[in-house]
Amino acid sequence: MLYAMAEEAPVSVAFRGVTKRFGELEVLRGIDLDVRPGEVLALLGPSGGGKSTLLRLINGLEVRDGGSLRVLDTDVPLGPPAATPGDPFWTALRRRIGFVFQAFHLYPHKTALDNVALAPIRVEGEEPEAARTRARALLERVGLASKADAWPRQLSGGQQQRVAIARALAMEPEILLFDEPTSALDPEMSAEVIDVMRDLAAQHERTLIVVTHEFGFAREGADRAAFLEHGRILEVGPASEVLERPQHERTRAFFERVL
Ligand SMILES: Nc1ncnc2c1ncn2[C@@H]1O[C@H](COP(=O)(O)OP(=O)(O)OP(=O)(O)O)[C@@H](O)[C@H]1O
Ligand SMILES: [Mg+2]
């Protein structure tokens, strides 16, 4: 009975023994990980360790080979290839998941405001004026109220990334995934984006999973941190502990190398 109750504890994402390979290459080798609603998880680790692949499984940009994956109370099936356009399963689930990439991919021929308002209008059928009003508020939230009518090419990299975050928020996702959102930015622009992420993290309105090399954000903004190397989670725990007192020799070596 107790066991059954524990099984039903709410999770945003639950990986159990998840494996993924690309040809001969085993990229994920048995991932077990639970992320709770409203939790902020920082995903750290060396290049090629499988961080992006792990994120991409959550919104169906990749399909695992084995193990089970639960996303927002939905069991994710093993096939078909995830990103099939129009696939009803992923279309429904993806509406609830936002993704912010390293490269911001704004629509170049839409203003900042319309970049944010577009999906709610097109995908959700929101009334355009209402969507634009919300978009304005979201731009204000990311510190860009004055740039609503700017074109992407008129914005700095950091500003474009903040528009991309506002655009993801416009769909009111329950899970927001970030894949190295600041690694294409210089330190000053990174700082602006990190401020926005800290604000989002502090609100705990939604689940955040953040792949990042920004250890300051990970330590202070995240609830937990996981260290992923060669397709395995070597260490996961409270962010301050993992970052300040890593237990695993490989984790320590990684932090020493990059800091
Ligand atoms: N579509 C693909 N086809 C073949 N191999 C791939 C593919 N995507 C990723 N890989 C390989 O899988 C491994 C894990 O890649 P992944 O992008 O998940 O790593 P990562 O931890 O995000 O690295 P980085 O920090 O450099 O972004 C790498 O060896 C990569 O080359
Ligand atoms: Mg990556």
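Report on the accompanying structure. On a predicted model such as this, the values are computed, not experimentally measured, just so you know.

### A word on the site of ligand 1
Turning to step 1, where the next piece is worked out: Taken together, Phe-22, Leu-25, Val-27, Ser-47, Gly-48, Gly-49, Gly-50, Lys-51, Ser-52 and Thr-53 form the complete shell of residues around ligand 1.
Turning to step 2, where the next piece is worked out: Of all the secondary structure elements, the ones that give two or more residues to the shell around ligand 1 are β2 (25-35) and α2 (51-58).
Turning to step 3, where the next piece is worked out: Tallied by class, residues from the shell around ligand 1 come to three nonpolar, six polar and one charged.

### Examining the nonpolar core
Turning to step 1, where the next piece is worked out: Within the largest apolar cluster, 67 residues are counted, with the highest numbers of intra-cluster contacts made by Leu-43, Val-116 and Ala-225.
Turning to step 2, where the next piece is worked out: The element that contributes the greatest number of residues to this core is helix α6 (residues 157-170), accounting for seven residues.

### Comments concerning the sheet that holds strand β4 (residues 66-71)
Turning to step 1, where the next piece is worked out: Taken in spatial order, the four strands line up as β2-β1-β4-β5 in an open sheet, and their pairing is antiparallel. Looking along the sheet, the strands with just one partner apiece sit at the ends: β2 and β5 (74-75).
Turning to step 2, where the next piece is worked out: Bridge count for β4 against β5 is two bridges, and the pairing is antiparallel. Directly across from Arg-70, in β5, lies its bridge partner Asp-75.

### Focus on the sheet that holds strand β6 (residues 97-100)
Turning to step 1, where the next piece is worked out: Judged by pairing direction, the sheet is mixed, and its six strands sit side by side in the order β6-β7-β8-β3-β9-β10 without closing on themselves. Two strands bound the open sheet, and with one partner strand each, they are β6 and β10 (232-238). Each strand of the sheet is rotated relative to its neighbour by a mean of 15°, with strand direction disregarded.
Turning to step 2, where the next piece is worked out: Of the strand pairs in this sheet, strand β3 (residues 40-44) and strand β8 (residues 207-211) are connected by four bridges, and their pairing is parallel. For Leu-41, the partnering residue across the bridge sits in β8 and is Ile-209.
Turning to step 3, where the next piece is worked out: Those strands touched by α2 are β3, β6, β7 (175-179), β8 and β9 (224-229), and its axis lies near 155° from that of β7.

### Re the packing of helix α4 (residues 112-122) against helix α5 (residues 128-141)
Turning to step 1, where the next piece is worked out: Across the interface, α4 lies against α5 with an axial gap of 8 Å and an inter-helix angle of 130°. On the basis of the axis angle, α4 is oblique to α5. The handedness of the crossing between α4 and α5 comes out as right-handed. Taken together, the residues of α5 that come into contact with α4 (itself represented by Ala-112, Leu-113, Val-116, Ala-117, Pro-120 and Ile-121) are Pro-128, Ala-131, Arg-132, Ala-135, Arg-136, Leu-138 and Leu-139.
Turning to step 2, where the next piece is worked out: Considering only residue class, the contact of α4 with α5 consists of 11 nonpolar, no polar and two charged.

### Side note on the pairing of β8
Residues in a regular strand project their side chains so that they alternate between the two faces of the sheet.
Turning to step 1, where the next piece is worked out: Counting buried residues in β8 gives five out of five residues, a clear majority hidden from the surface.
Turning to step 2, where the next piece is worked out: Covered by surrounding structure in β8 are Thr-207, Ile-209 and Val-211 together with Leu-208 and Val-210, the residues of both alternating faces.
Turning to step 3, where the next piece is worked out: Pairing between β7 and β8: five bridges, direction parallel. Looking across to β8, one finds that Leu-176 is bridged to Leu-208.
Turning to step 4, where the next piece is worked out: With respect to chirality, the unit in which β7 leads through helix α7 (residues 187-203) into the neighbouring parallel β8 is right-handed.

### Notes on the environment of Arg-21
Turning to step 1, where the next piece is worked out: Structurally, Arg-21 is set in strand β1 (residues 13-22).
Turning to step 2, where the next piece is worked out: Arg-21 sits in the partly exposed class, given 15 other C-beta atoms within 10 Å.
Turning to step 3, where the next piece is worked out: As for Arg-21 and Gly-66, which are separated by 45 residues in sequence, their C-alpha atoms are 9.6 Å apart.
Turning to step 4, where the next piece is worked out: Aside from chain neighbours lying at most four places away, what touches Arg-21 is Glu-26, Val-27 and Asp-65.

Parameters and conventions
Residues numbered from 1 in each chain as written. Chains lettered and ligands numbered in written order. Predicted model: local features only at pLDDT ≥ 70, side-chain atom pairs only at ≥ 80, totals over all residues. Near = placed C-beta within 6 Å. Helix = DSSP H or I, 4+ residues; strand = E, 2+ residues; numbered from the N terminus. Nonpolar A, V, L, I, M, F, W, Y, C, P; charged D, E, K, R; others polar. Core = buried A, V, L, I, M, F, W, Y, C linked by C-beta atoms within 7 Å. Buried ≥ 20, exposed ≤ 12 C-beta atoms within 10 Å, placed from the backbone. Pairing = 2+ DSSP bridges. Axes fitted to C-alpha atoms, helices over the stretch in contact; angles between N-to-C directions. Contact = placed C-beta atoms within 7 Å. Parallel < 35°, antiparallel > 145°, perpendicular 65-115°, else oblique. Left-handed = near helix turned anticlockwise from the far one by under 90°. Right-handed = clockwise from strand over helix to strand, strands pointing away.

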